[in-house]
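Examination of the molecular architecture
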Amino acid sequence: MGFFNKFFGGKEKGETEDAQGTGRKGDYTSPSQGSDFVAALSLQLHDDLDGAFAAYVKLAEEAPQDNLSTFFASSIMAGKGGVSEAASNLRSISQRISSSGESISRVISTELFEAVLDHPAVRIPAVTDLVLAFAEALKRGGFLQESAVCFEIAASLVPGNAHVLHKFGDVLHDLRMYDYAEEVLKGALRLASHHWGALYTYAVLLHDLGRNEEALAYYERAVKVDPNHANCRNNYGSALMSLGRFDEALEQCNMAAELAPEAPLVQVNLGNVHLMKQNYDEARACFEAAASLDANLAQAHFGLGAVEQKLGGDNKRVREHFQKAIELSPAIPQFHHALAKLLAGEGDQEALTHFAAAEKLDQALRDLQRDFGSACLGFGRWEEGLKHLETALEQNPEDALARDILAIAQKQAPA
């Protein structure tokens, strides 16, 4: 453990390390392990939240370095809507603890076990539920890092609980901490091989990492456990499409659309499969359906532009669709790349602005460097063009087209 230190490590002014490594200030040596803390915890477990909160606050005032009382008081605050302040309190606890190289998750779980050791009426699974509720409140409030810490604490309290491990792995995935998420989710599946949430989240993680062949096996297992989950079917179809298995992808996406006909992203994915199969009328119908369900869905507008382009339609309409997609979701590099290619073909130097935007978002986007280089050459920017083409070959030495363009450009470049 030690996840939280990656975000909130560092000593606070005036703190000193102690021999036990709990990050407490010099003259404080007693964690909240006494009967007063257990009494407050019991009140919280019995839903006397006001009484529990008052008791926690009193304990924290008497001992400012009391980790447990501050932690559980913050959990009550989060449950009553004070999520932002609760998250701030959690960060303060972590900073104090991390000053000695410890992690908040290890210290909280260790102190908690020690505090309730002689109180069999206080059951760890019930306490874990309080921690999970805190984690869920933080997650709903958008405090994913803080939420992950609480899930990590919960996982340490009940290490053999696949459901808790899945929740922890899921938020790690949301944070794009892919290696740690994979470790946790695989742990959940070792405990419960048919846990649907762990199967699905792990499949999505593998899909996000481009490990589509591996993802398929977990999607397949997930749809066997729950064949009526539309998002799972939809993502399964997306993974199949990424591997060029378009007929199978179409089957999964059609099932997803039957299960969730009002889901705009399902319509977008179905449209993408039809686009790859060159079923342009069907693709247009799907993208139009998606746009009617959500007029601000960038992918729907981009899809409509792609269909229009494939059919050789009016470039102005294509450009309008692409520009609308970028307006709605400016952080998607593929949108900028597509518009840049269109503009370059029209001799419009605004293309270079969109090539640059795509490069800033994803320097290694497929074919981007080659297309950027070719456009630069077309606008007489030889030095930049050669540089982008050289980068394209560094990224993909098998790109014969980039190699040919570069060879010609090197011969024709001004001295």
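One numbering rule holds for all chains: residues counted from 1, following each sequence as written. Where local features are concerned, this predicted model is filtered to residues with pLDDT of at least 70; where side-chain atom pairs are given and counted, the filter is 80 or more; whole-chain, interface and lining totals use all residues. Remark: hydrogens and water are excluded; side-chain values derive from all non-hydrogen atoms of the structure.

As annotated in an unreviewed UniProt entry, the protein chain carries the name Tetratricopeptide TPR_2 and comes from Geoanaerobacter pelophilus. Per UniProt, the protein chain carries the Subcellular location (unreviewed entry) text "Membrane". UniProt positions are given in the numbering used here, feature names are shortened, and annotations may be inferred rather than shown by experiment.

Focus: the packing of helix α11 (residues 196-208) against helix α12 (residues 212-225)
For the pair α11 and α12, the least separation of the axes is 8 Å and the interaxial angle reads 155°. Relative to α12, α11 is oriented roughly antiparallel. Regarding α11 and α12, the two cross each other, and that crossing is left-handed. Across from W196, L199, Y200, Y202, A203, V204, L206 and H207 in α11, the residues of α12 making contact are N212, E214, A215, Y218, Y219, R221, A222 and V225. Each residue gets one label: Ala, Val, Leu, Ile, Met, Phe, Trp, Tyr, Cys and Pro are nonpolar, Asp, Glu, Lys and Arg are charged, and the others, such as Gly, are polar. Tallied by class, residues from the contact of α11 with α12 come to 12 nonpolar, 2 polar and 2 charged. Lines are fitted to the C-alpha atoms to define the axes, a helix being fitted only along its stretch in contact, and any angle between axes, read from their N-to-C directions, falls within 0 to 180 degrees. The secondary structure listing takes helices from DSSP runs of H or I that are at least 4 residues long and strands from runs of E that are at least 2 residues long, numbered from the N terminus. Throughout this description, any angle smaller than 35 degrees is read as roughly parallel, any larger than 145 degrees as roughly antiparallel, any in the 65 to 115 degree range as roughly perpendicular, and the remainder as oblique. We call a crossing left-handed when the near helix sits turned anticlockwise from the far one by less than a right angle, and right-handed when that turn is clockwise. Whether two residues are in contact is decided by their heavy atoms: any pair within 4.5 Å suffices.

Some remarks on the UniProt feature "repeat: TPR" (unreviewed entry) in the protein chain
In the UniProt entry, the feature "repeat: TPR" (unreviewed entry) is given for residues 196-229, 230-263 and 264-297. In residues 196-229, the share of helix is 79% and the share of strand is 0%. The end C-alpha atoms are 10 Å apart. With 79% helix and 0% strand, the stretch residues 264-297 has end C-alpha atoms that lie 8 Å from each other.

As for the confidence of the model for the protein chain
For every residue, the pLDDT score states the predictor's confidence, bounded by 0 at the bottom and 100 at the top. When pLDDT is averaged across the protein chain, the result is 91; 92% of the residues are at 70 or more. Here helix α1 (residues 5-8) stands out as the element of the protein chain with the lowest mean pLDDT, 42, in contrast to helix α9 (residues 162-174), whose mean of 98 is the highest. Note on residues 1-33: pLDDT under 50 across the span, and 91 contacts to partners over four residues away in sequence or across chains.

Examining helix α15 (residues 264-276)
Structurally, the α-helix is built with 3.6 residues per turn, so residues lying three or four positions apart point the same way. By definition here, a helix of n residues has an expected span of 1.5 Å times n minus one. The end-to-end C-alpha distance of α15, which contains 13 residues, comes to 19 Å, matching closely the 18 Å that a straight helix rising 1.5 Å per residue would cover. For α15, the complete set of buried residues consists of P264, V266, Q267, V268, N269, L270, G271, V273, H274 and L275. Lining the buried residues of α15 we find α13 (230-242), α14 (246-259), α16 (280-293) and α17 (298-310). Phi turns positive one or two residues past the end of α15, at Q278, with a value near 65°. Accessibility here uses a 1.4 Å probe with only protein chains present; expressed as a share of the type maximum, an area under 20% marks a residue as buried, one over 50% as exposed, and anything in between as partly exposed.

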